[in-house]
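So the chains spell out like this:
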Amino acid sequence: MASLSDQRETLGHLSLLAVQDITDLWRDASMLDLDSRSFRGVIRQGVPELIDPYAATAGDLAAAWYNEAAPELAYRATPAALPPKEQLTVSSAWALYSDGKAALARLSGLAQRTIFNAQRETIVGNVRMETGARWARHASANACPFCKMMATRGAVYSTEGAATTVGSERWEPKRNSKGQRVGGDVGRRARSRGSQDPGDRYHDHCRCMAVEVRPGRSYEPPPYVEEWEQQYIDAVRATPGVGEYGAIDVKAVLAHMAKNG
């Protein structure tokens, strides 16, 4: 089975190919007047068609990786449905509200997000269908503070909704009497984390992945996540009671993590 780093590298390669295709489309269309209706029409129609095959490949691969995680189990994963082309068309039109490199950067972010989302939604959708399955958010070592915070929760997600909000709990790792971490899954509930939503679940250029935890399996986060857990705890302690009614202010926590992480 492909390692998580190999899976992320494969998704990144698909994203690079999609971005190259979009760049070529932009260059060819730039022979038209960049402010013309024709140019915008080419981009709006062409970008979704270029992204779709790469997203479909990402979904197929994610389903295969899901099955390979526990080949002895009867459940067989299927790829998530692709986003409607109308949705990608609207996003492409939004990108064109910027000019030149900024617009092209937005289109590149759209391609990368759509391709990684195909993997994420395939994993989450199949976890929802397979009894006893869970999933974890796996962030890269250079992740942003929000992704770090979400990745510290381990394999506590059983539905998509469980991971899209910050929740009202802080999850801390299971530790033995010596303070050593035991196992990969996070355990007991602790102080309130608050209910504020600090942003979208996945942002442009986010390389987080959803990792399936099939029934009877466990999840061991990368070693650097333990440092993130401490950064989060330190940030909570450094920003006590700044939220409404004394609740944890997630934005303040993230700001502290960004400054000191």
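Residues numbered from 1 in each chain as written. Predicted model: local features only at pLDDT ≥ 70, side-chain atom pairs only at ≥ 80, totals over all residues. Heavy atoms only, no water.

### Describing the overall build of the protein
- When you go through the protein residue by residue, the secondary structure sums to eight helices and four strands.
- The linear arrangement of helices and strands in the protein, starting from the amino end, is α-α-α-α-β-α-α-β-β-β-α-α.
- A burial count over the protein gives 46% of its 261 residues as buried.
- Taking all contacts inside the protein whose residues are at least 6 apart in sequence as the whole, residues at least 24 apart take part in 71%.
- Working note: accessible area of the protein is about 12900 Å², and carbon and sulfur atoms make up 52% of it. (Helix = DSSP H or I, 4+ residues; strand = E, 2+ residues; numbered from the N terminus. Buried < 20%, exposed > 50% of the residue type's maximum accessible area, 1.4 Å probe, protein only. Contact = heavy atoms within 4.5 Å. Areas by Shrake-Rupley, 256 points an atom, 1.4 Å probe, with all protein chains shown as cover.)

### Here's the deal with the side chain of S140
- Checked against the element boundaries, S140 lands in the loop between strand 1 (134-138) and helix 5 (145-151).
- Within the local environment of S140, its side chain forms a polar contact with the side chain of N142, the two groups lying 2.9 Å apart.
- The contact partners of S140, leaving out residues within four places of it in the chain, are R8, R207, Y224 and W228. (Polar contact = N/O pair within 3.5 Å; in protein donor to acceptor, adjacent residues only side chain to side chain.)

### Let's talk about the pattern of salt bridges
- In this structure the tally under the stated criterion is four salt bridges.
- D24 is paired through a salt bridge with R27; the nearest N and O atoms lie 3.1 Å apart. Separated by three residues within a single helix, D24 and R27 lie in helix 1 (residues 4-29), roughly one turn from each other.
- Its relative accessible area of 24% is what places D24 among the partly exposed residues.
- A salt bridge links E72 to R217, with the shortest nitrogen-to-oxygen separation between them at 2.7 Å. Note that E72 is positioned in the loop between helix 2 (37-68) and helix 3 (85-95) and R217 in the loop between strand 4 (209-213) and helix 7 (224-238), a separation of 145 residues in sequence.
- On the basis of relative accessible area, E72 is assigned to the exposed category, the value being 52%. (Salt bridge = Lys/Arg side-chain N within 4 Å of Asp/Glu carboxyl O.)

### What about the packing of helix 1 against helix 4 (residues 100-129)?
- In the contact formed by helix 1 and helix 4, the axes pass within 9 Å of each other and the chain directions differ by 145°. Considering the relative orientation of helix 1 and helix 4, their crossing is right-handed. The residues of helix 4 that touch helix 1, namely those facing R8, L11, G12, L14, S15, A18, V19, I22, T23 and W26, are G100, A103, L104, L107, S108, A111, Q112, I115, F116 and Q119.
- A breakdown of the residues in the contact of helix 1 with helix 4 according to their chemical character gives 12 nonpolar, seven polar and one charged. (Axes fitted to C-alpha atoms, helices over the stretch in contact; angles between N-to-C directions. Left-handed = near helix turned anticlockwise from the far one by under 90°. Nonpolar A, V, L, I, M, F, W, Y, C, P; charged D, E, K, R; others polar.)

### A few points about the packing of helix 1 against helix 2
- For the pair helix 1 and helix 2, interaxial distance at closest approach is 10 Å and the crossing angle is 165°. As summarised for this structure, helix 1 and helix 2 are arranged roughly antiparallel, according to the angle between their axes. Considering only the axes of helix 1 and helix 2, their crossing is right-handed. Between helix 1 and helix 2, the contacting residues are Q7, T10, L11, L14, L17, A18, D21, I22, L25, W26 and A29 on the first element and F39, V42, I43, G46, V47, L50, I51, Y54, T57, A58, L61 and W65 on the second. (Parallel < 35°, antiparallel > 145°, perpendicular 65-115°, else oblique.)

### Remarks on the environment of R40
- Mapped onto the fold, R40 is located in helix 2.
- Exposure remark for R40: the relative accessible area of 26% places this residue in the partly exposed category.

### Here's the deal with the pairing of strand 4
- In terms of residue burial, strand 4 counts as a mostly covered element, since five of its five residues are buried.
- Residues M209, V211 and V213 of strand 4 are buried on one face, and the alternating residues A210 and E212, pointing to the opposite face, are buried as well.
- In the sheet, strand 1 pairs with strand 4 via five bridges, with the strands oriented antiparallel. By the bridge assignment for strand 4, R134 is matched with V213. (Pairing = 2+ DSSP bridges.)

### Structural notes on the environment of M1
- Within the secondary structure, M1 sits in the segment before helix 1.
- With relative accessibility at 58%, the residue M1 sits in the exposed group.
- Each C-alpha atom, one on M1 and one on A70, is 9.9 Å from the other, the two residues being 69 residues apart in sequence.
- The contact partners of M1, leaving out residues within four places of it in the chain, are Q7, W65, E68, A69 and E212.

### A word on the confidence of the model for the protein
- The predicted model of the protein averages 82 in pLDDT, with 78% of residues at 70 or higher.
- Note that residues 160-200 has pLDDT below 50 and, in this model, 99 contacts with residues that lie over four places away or in other chains. (pLDDT = per-residue confidence, 0-100.)

### Side note on the layout of surface pockets
- In this structure, the largest pocket occupies an estimated 180 Å³ of space.
- Of all the elements in the fold, those that place two or more residues in the lining of the largest pocket are helix 1 and strand 4.
- Examining the composition of the lining of the largest pocket, we find that three residues originate from one element, strand 4, more than from any other.
- A breakdown of the residues in the lining of the largest pocket according to their chemical character gives seven nonpolar, three polar and three charged. (1 Å grid on protein atoms, 1.4 Å probe; cavity = no way out; pocket = protein on both sides within 12 Å on 5 of 7 lines; lining within 4 Å. Points joined across faces, edges and corners; volume = space filled by probe spheres on them.)

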